[in-house]
Amino acid sequence: MQTRKKYIFITFFASWLLLFFFGGDQIRRLVFLSRKKAAVLKNWPRWTDRSLLKSFADPEELQSDGGHHKQSAKARRESRINIYKHSRCRMETCFDFSRCEKHGFKVFVYPMEREDPVSESYLKIITSIEESRYYTSNPEEACLFILNIDTLDRDHLSIQYVHNINDKIQGFPLWNDGRNHLIFNLYSGTWPNYTEDLGFDIGQAILAKASFYVENFRPGFDISIPLFSKEHPQKGGERGWLYQNSVPPKKKYMLAFKGKRYLTGIGSDTRNALHHIHNGKNIISLTTCKHGKDWEKHKDTRCDKDNSDYEKFDYQELLHNSTFCIIPRGRRLGSFRFLEALQAACIPVLLSNGWELPFSEVIDWSKSAIVGDERLLLQIPSTVRCIHSDKILAFQQQTQFLWEAYFSSVEKIVQTTLEIIKDRLFRRESRPKFLWNTLPGGLLALPEYSTHLGDFPFYHLQHGSSPTGKFTAFIRAVSPVVSLSQPILKLIQAVSRSQHCAQILVLWSCEKPPPPRGRWPQTAVPLTVIHGRRKVSDRFFPYSAIGTDAVLSLDEHTSLSTSEVDFAFVVWRSFPDRIVGFPMRSHFWDSSQSQWGYTSKWTNEFSMVLTAAAFYHRYYHSLFTNYLPASLRSLVDQLSSCEDILMNVLVSAVTKLPPIKVTQKKQHQEASPQQMSKSAAVSSGNLHFSQRQDCLNRFAAWFGYMPLVHSQLRLDPVLFKDQVSVLRKKYRHLEKP
């Protein structure tokens, strides 16, 4: 037993000696640190080549994480608790789902009061909500509530700061401690700390905020939105700057920045260091001290040179000619230049530690932006220099998609915010992230229709698939069937003989009842009569009877052969996201009238294919009915016209592409009133064109721009009208008179 104790003692003593000799330095360091709580932090390593490496920062700067983090962790926690009393809110705990069960996702805006000042930007937000398909004027139907108080600018030094919000909202009977409320905010806090304090208790409300700090962001509850200026358009917005001929992707300047330099205060650390990477050649980093009232009081030795260099470059020119754009934090985490860089296809290089990026819940920013570190600024040039040209072009293309899908207007920012909340509430019908990050985007991929990618017309090419090999013929009938020689009966026979036809649906929109089943032609495919409401918009209703991806839309007076139908369907299967058909029309800008014009002249250029004889995907029925506002559908019903124009405008707005025309034996004539005198017919025709032109301008006004795209492409069968034997031609009947 004594021998065993000796061995244990010797082993312990030897282990202690080894620890002392090989790890003693670390032990002594821990002892000293425990005795001296206020000791200086460990210095940065003493590099052996420090004489060759020029230092651009003081040691104190390197120890600091930046202006935003100088507050202690305890102070930040206390500040956060003061700002967000419900910091643990989630949809399951702070949102009443039962309000959304009966009437679905409806949004109510508190009625505006004259005495409450409202900024131009907040008015755009309110207008976008009131014009959306989710708006309701009845609070009893509402699932979500929006305040009529302008909460965008909560800097109490601003002239747009609204005082006594707490007192006002407590008097609202619907407030309920903010439950089921959405609050928008662009600016919070003020000099010098710019905290995220909004100056009132938001309660359990969802916060849609710009410059969101990750520590204050409540995942799955709050929404980070981009900072936008008061000039940001309410609708439409400008297109992105990247065009198909913008190759090569690397531009004149590799990396660029031009903006303010803060001499003191929060946000000054990063911007004061930007001059270190400027080389005047392919890296342009320009700052100016000349802003604010008392900038000269804080003027440093670099200001004069910085101000002089700043004037040598135009900001718009830099955006156009730069591959990467530095987006440093300002006083707050967000910046206007973030959206400016997206539009310009200048890949954002973000230097804003702790910023919750806009719509990060659904947008994958790793495909369109470089997220840098403010503390590692000097590594940015070498980092972007290593990115391959293929990836640069992919990033640029993604910036254009994101800009046009979610950020080009206030309306799209608001719509994206609402759709994210809606997806949280109805998870079974929520969009997968792929739909948000791929053309045409989450706003145009309705989850009510489907969440399966193969059901949409946009993703077949990416997944190497094709739509179904059959189509549904959908014929709108407005006249009674009184003769066996009527065009609709001949049309049914021609279409039914197509090898690709699965069924024929007749939308009966006539006052008189349809003929009995025995009066319809005998067909090899099912023929079903659907009773409509005698509204022209009915032809684009998403009927459950449509069982195929492809829809062949036809008017009762259309004349087509079976060969024409077969060839057009084969073409459509290669372009399932577009309208493919026969009769074409075009639009033009009438400078004398300062409006859009409509023409049916037979020219080489067109922008519309009329749905009197056209193929398209059945998804556009759902989009027409559920995406477009009721006011546009009411307009086409009131005029009993223009529904085909509206469908063309909608599809072009979704795809950013023109329709496709295929060859046709006979030129299509627009339906004209019958049994009229010649002069009356001319007068009626002029009125018809005038109405369609008016519709075109109203549609463009609602979208905020003209979505239609011109084209000169017509697709014909191989060997069409070539001087060869007809036996070698697959669609030989197309050439017969």
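Residues numbered from 1 in each chain as written. Predicted model: local features only at pLDDT ≥ 70, side-chain atom pairs only at ≥ 80, totals over all residues. Heavy atoms only, no water.

### Let's talk about the overall build of the protein chain
Secondary structure summary: the protein chain contains 21 helices and 23 strands in total. Taking all 737 residues of the protein chain together, the buried fraction comes to 51%. The contacts in the protein chain between residues at least 6 apart in sequence include a share of 74% that link residues at least 24 apart. For the protein chain, the exposed surface amounts to about 37300 Å²; the carbon and sulfur share of it is 53%. (Helix = DSSP H or I, 4+ residues; strand = E, 2+ residues; numbered from the N terminus. Buried < 20%, exposed > 50% of the residue type's maximum accessible area, 1.4 Å probe, protein only. Contact = heavy atoms within 4.5 Å. Areas by Shrake-Rupley, 256 points an atom, 1.4 Å probe, with all protein chains shown as cover.)

### Focus: the sheet that holds strand β19 (residues 595-599)
Ordered by their spatial adjacency, three strands build an open sheet running β19-β18-β20, and the pairing between neighbours is antiparallel. Two strands close off the open sheet at either side, each with one partner strand: β19 and β20 (608-609). Pairing of strand β18 (residues 584-590) with β20, which is carried by two bridges, proceeds in the antiparallel orientation. By the bridge assignment, Arg 585 is partnered in β20 with Met 608. (Pairing = 2+ DSSP bridges.)

### Some details on the packing of aromatic side chains
Tallied over the full model, the rule gives 37 aromatic pairs. Centroid distance Tyr 627 to Trp 702: 6.4 Å. Interplanar angle 90°. Geometry classified as edge-to-face. Linking Tyr 627 in the loop between α18 (619-626) and α19 (630-639) with Trp 702 in helix α21 (residues 678-703), this pair joins segments that are 75 residues apart in sequence. Among the aromatic residues, ring-to-ring pairing joins Phe 338, Trp 355, Phe 359, Trp 365, Phe 401, Tyr 406, Phe 407 and Trp 436 into one connected group. Sitting over the face of the ring of Phe 212, Lys 209 holds its NZ or CZ atom 5.7 Å from the ring centroid. The lysine or arginine in question, Lys 258, covers the ring of Tyr 310, its NZ or CZ lying 4.5 Å from the ring centre. (Phe/Tyr/Trp six-rings, centres within 6.5 Å; stacked < 30°, edge-to-face > 60°. Lys NZ or Arg CZ within 6 Å of the ring centre and 35° of its normal.)

### Describing the packing of helix α5 (residues 120-130) against helix α13 (residues 410-425)
Contact geometry for α5 and α13: axes closest at 9 Å, N-to-C directions at 60°. The angle between α5 and α13 places the two elements in the oblique class. Crossing of α5 against α13: the hand is right-handed. For the pair formed by α5 and α13, the contact residues are Lys 124, Ile 125, Ser 128 and Ile 129 on the first element and Val 410, Glu 411 and Val 414 on the second. Within the contact of α5 with α13, the residues separate by chemical class into four nonpolar, one polar and two charged. (Axes fitted to C-alpha atoms, helices over the stretch in contact; angles between N-to-C directions. Parallel < 35°, antiparallel > 145°, perpendicular 65-115°, else oblique. Left-handed = near helix turned anticlockwise from the far one by under 90°. Nonpolar A, V, L, I, M, F, W, Y, C, P; charged D, E, K, R; others polar.)

### Here's the deal with the confidence of the model for the protein chain
Per-residue confidence for the protein chain gives a mean pLDDT of 85, with 83% of residues at or over 70. Ranking the elements of the protein chain by mean pLDDT puts helix α2 (residues 59-63) last, at 40, and strand β2 (residues 144-146) first, at 98. Scored below 50 in pLDDT, residues 672-681 shows four contacts in the model against residues more than four places distant or in partner chains. (pLDDT = per-residue confidence, 0-100.)

### Quick look at the state of the cysteines
Applying the stated criterion to the full structure yields five disulfides. In this model Cys 100 forms its disulfide with Cys 143; the gap between the sulfur atoms is 1.8 Å. Residues Cys 100 and Cys 143 are joined through a disulfide that is right-handed, its torsion about the S-S bond being 65°. Residue Cys 100 is located in the loop between α4 (91-94) and β1 (107-109), and its partner Cys 143 is located in the loop between α5 and β2; the two are separated by 43 residues in the primary sequence. With relative accessibility at 3%, the residue Cys 100 sits in the buried group. Look at Cys 143 and you get buried, because its relative accessible area is 0%. Between the sulfur of Cys 325 and that of Cys 346 lies a disulfide, 2.0 Å long from S to S. Handedness of the Cys 325-Cys 346 disulfide follows from its S-S torsion of about 100°: it is right-handed. You can see Cys 325 sitting in strand β10 (residues 322-328) and its partner Cys 346 sitting in the loop between α10 (337-343) and β11 (347-351), a full 21 residues away along the chain. Each of the two residues, Cys 325 as well as Cys 346, counts as buried. Taken in N- to C-terminal order, the disulfide-linked cysteines of the protein chain are connected 1-2, 3-4, 5-6, 7-8, 9-10. (Disulfide = S-S within 2.5 Å.)

### As for the sheet that holds β11
Ordered in space as β9-β8-β10-β11-β12, the five strands form an open sheet in which the pairing is parallel. Each edge of the open sheet carries a strand with a single partner, namely β9 (283-288) and β12 (370-371). Where strand β8 (residues 253-260) and β10 come together, three bridges link them in parallel fashion. Looking at the pairing, Ala 256 lines up with Cys 325 of β10.

### Overview of the pattern of salt bridges
For the coordinates displayed, the defined rule picks out 24 salt bridges. For Asp 155, the salt bridge is made with Arg 332, and the minimal N-O distance between the two is 3.5 Å. One end of the pair, Asp 155, is in the loop between β3 (153-154) and α6 (165-170); the other, Arg 332, is in the loop between β10 and α10, and 177 residues separate them in sequence. The same class applies to Asp 155 and to Arg 332, which are both buried. With a shortest N-O distance of 3.2 Å, Asp 694 and Arg 698 are connected by a salt bridge. With a gap of four residues between them, Asp 694 and Arg 698 both fall in helix α21, about one helical turn apart. For Asp 694, a relative accessible area of 33% translates into the label partly exposed. Given a relative accessible area of 44%, Arg 698 falls into the partly exposed group. Here the salt bridges share partners, and the residues they tie into one network are Arg 133, Glu 419, Lys 422, Asp 423, Arg 431 and Glu 448. (Salt bridge = Lys/Arg side-chain N within 4 Å of Asp/Glu carboxyl O.)

### A short note on the pairing of strand β16 (residues 550-555)
In terms of burial, β16 is largely enclosed, as five of its six residues are buried. In this structure, strand β13 (residues 471-477) lies alongside β16, joined through six bridges in parallel fashion. The residue bridging Ile 475 from the neighbouring strand is Leu 554, located in β16. The pairing of β16 with strand β21 (residues 613-617) spans five bridges and is classified as antiparallel. Counterpart to Leu 552 in the pairing with β21 is Phe 615.

### What to know about the side chain of Arg 578
Mapped onto the elements of the fold, Arg 578 is located in the loop between α17 (562-574) and β17 (580-581). The side chain of Arg 578 is buried and forms no salt bridge, while Asp 577, the nearest opposite charge, is found at 4.6 Å. Among residues more than four places away in sequence, those in contact with Arg 578 are Trp 572, Phe 615, Tyr 616, Val 651, Leu 657, Pro 658 and Ile 660. (Lys, Arg positive; Asp, Glu negative; His and termini not counted.)

### Quick word on the nonpolar core
Core analysis: the largest hydrophobic core is formed by 82 residues, its most contacted members being Phe 184 and Phe 407. The element best represented in this core is α13, accounting for seven residues. Apart from the residues lying within four places of it in its own chain, the contact partners of Phe 184 are Tyr 122, Ile 125, Ile 129, Ile 146, Thr 151, Leu 152, Ala 208, Ile 225 and Thr 417. Judged by nonpolar contacts, the second largest core, of 51 residues, contains Ile 530, Ile 579, Trp 702 and Leu 708. (Core = buried A, V, L, I, M, F, W, Y, C linked by side-chain atoms within 4.5 Å.)

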